[in-house]
Structure formats: C-alpha cells, structure tokens
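# Structural overview for review
The chain contents come next:
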Amino acid sequence: MNAPHEIPHEIARIERAFHCLRPGLEELQDEFASALLRFGFDEAATFAIRLAIEEAVVNAFRHGNKSDETKRVHFRSCISADRIDIDVTDEGAGFNPNAVPDPTREENLEIPSGRGVMLMKAYMTEVEYLAPGNHLRMSYVRPNSH
Amino acid sequence: MPLSLLNIRRHDGYTRVEFVEKNILDEGNLHQIEQEIRTAIETEASPRVLICFKNVEHMSSAALGTLLALKDSIEKKSGELRLSNIDRRIYEMFVITKLNRLFSIHDSVEQAASSFTKK
C-alpha cells in the first residue's frame, strides 16, 4: 500500500459504456483495482468496491437492460484520496428497490436471488436509486476521512 | 467442451469440490459449476458434498444463489452439504445475508468432513 504522502492529490475518472457484460466488466474491475491501489485504499475497501461494482453492473445488464445487447450500461466514477463516487445507469424502464423482498427474513432465506442490492448497501457508504430507478448512485468514503 | 472450473475428488464417504478460479462471479461460470457438481453426484442416493473455498478471493450474490440451489437439490436427496475454508471477507457476505445460519460452514476440510452424519 502507498504511504499517505504518496497518495495522489488529483482525481481519477473511469468511465465506460458497454453492450455486453464480459469481458468488459473484468477489464473495468482490473482498471479500478489498480486505481484503488494507487490511491492507497486497503484490501477491505478494494473487496467492498469490487463486490458493489459487480452487483451494480450485473443488475443493470440482467434486470435493467433485460440482457438486451442493443442497449448499453453506462458506468461513471470519480476516485479521490478520501472517497469514490460511482454512477451506473441502464437503458431499462427502472425499478423500485423498495419492492425487493428482504432476503434476510426467515421465509426468504432459501430464495436464490435478491441479495445484490442488500450487499451493495452493506459494503458502500451510500447507495441510492435515482428516478425512474435505472440510475444507481453509490459512494464509498474512506474511514476516518469525514 | 469448456475446461473444468472445479477439482472434484471422491473421498471416503463424500465428494470434495475445490474451485480452480479465484473469482466466482460470472453467471455463465456459475451455471457450469452447478452442472459439474450435479453431474458428479447424480448417481448417488444421498450425496455428501464438501465445497472447499481455499484460494477463492471474490464471490457475488449470484454465487450465493448457486450454493442455495445446490443445497436444495442435495438435501432433497437426503444428502448433506458442507462448506469450508471461506476467506473472512467472503464469510462476512454470508453473515450479512444471514446465510451463515443456513449453511454448515467449517474452518477446515478436516472439520467439515468429520461433521457429516455418521452412517
């Protein structure tokens, strides 16, 4: 990990617009991991952000664009020394995240799907869906940088 | 035929599964993983399956879904599923989703193997 004085002061932006999920998502994850290392984010942050990006982009493809490869998923991000902001937008009709059943309720525990949004909320500092529900905005704030 | 994504070995009384890849994310790979395990145990009346997560660094919610589907079909045949060697960050995903209460999770392969019901 970089010593604190080596952390870049500038802002890095990583943006993509892609039609198909693989291998674009892996390439994005690799580029993102390199940027996080350069900005001195630790393993816990790297794990959290990789998971959140995976869930966000897969949801946008599968549920937002309904796996229609004529549609695109737009990924925009801004990385700085103390925070990471990510926007993922699909070209679908949008959805109501509040309508997703709580996967941790006893009666839902054995249902195989529906945990992506919950994991993003657990690992990221802020997660919100902007109207009409096809635009996910999430951020990770480095601990102790408030 | 695609390359196998798993190392599957038959041990005394159970089938041990290990992942080749360090990331278990892609739905296509997950479908293949599920099929490989199903094929390995399809002739067993009451399969005992131990999935070792040694070397696995990243997982997704889709992978949790695959594990739930496998657990369901193993238990429908009165079989047993055990998980072992899960990295602490990945184990956190099980805790957050409360799936640690549903799966039998062990620190080591030895502990997991000895936890199968004695026949």
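Throughout what follows, the structure given in this document is the object of discussion.

To continue, consider the interface of chain B and chain A. Interface size is commonly expressed as the accessible area that is lost once the parts come together. Across the contact, 22 residues belong to chain B and 23 residues belong to chain A. Counting the surface lost from both chain B and chain A, the interface buries some 2,000 Å², and carbon and sulfur atoms represent 61% of this. One can count four salt bridges joining chain B with chain A. Here Glu106(A) and Arg101(B) are joined by a salt bridge, their closest N and O atoms 2.7 Å apart. On the surface where chain B and chain A come into contact, there are five residue pairs in polar contact (both at pLDDT 80 or more). Contributing elements (two or more residues each) for the side of chain B that touches chain A: strand 5 (58-59), helix 2 (61-76) and helix 3 (88-96) of chain B. The leading source of residues in the side of chain B that touches chain A is helix 3 of chain B, at five residues. Here the side of chain B that touches chain A is composed, by residue class, of nine nonpolar, six polar and seven charged.

A few words now on the packing of helix 3 (residues 116-123) of chain A against helix 3 of chain B. Here helix 3 of chain A crosses helix 3 of chain B at 115 degrees, and the two axes come no closer than 11 Å. Two packed elements cross with a definite hand, and for helix 3 of chain A against helix 3 of chain B that hand is right-handed. Listed contacts from helix 3 of chain B to Met118(A), Leu119(A), Ala122(A) and Tyr123(A) of helix 3 of chain A are Arg89(B), Glu92(B), Met93(B) and Ile96(B). Residues that form the contact of helix 3 of chain A with helix 3 of chain B fall into these classes: six nonpolar, no polar and two charged.

What counts as what
- Residues numbered from 1 in each chain as written.
- Chains lettered and ligands numbered in written order.
- Predicted model: local features only at pLDDT ≥ 70, side-chain atom pairs only at ≥ 80, totals over all residues.
- Heavy atoms only, no water.
- Contact = heavy atoms within 4.5 Å.
- Buried area = accessible area lost by both parts, 1.4 Å probe.
- Salt bridge = Lys/Arg side-chain N within 4 Å of Asp/Glu carboxyl O.
- Polar contact = N/O pair within 3.5 Å; in protein donor to acceptor, adjacent residues only side chain to side chain.
- Helix = DSSP H or I, 4+ residues; strand = E, 2+ residues; numbered from the N terminus.
- Nonpolar A, V, L, I, M, F, W, Y, C, P; charged D, E, K, R; others polar.
- Axes fitted to C-alpha atoms, helices over the stretch in contact; angles between N-to-C directions.
- Left-handed = near helix turned anticlockwise from the far one by under 90°.

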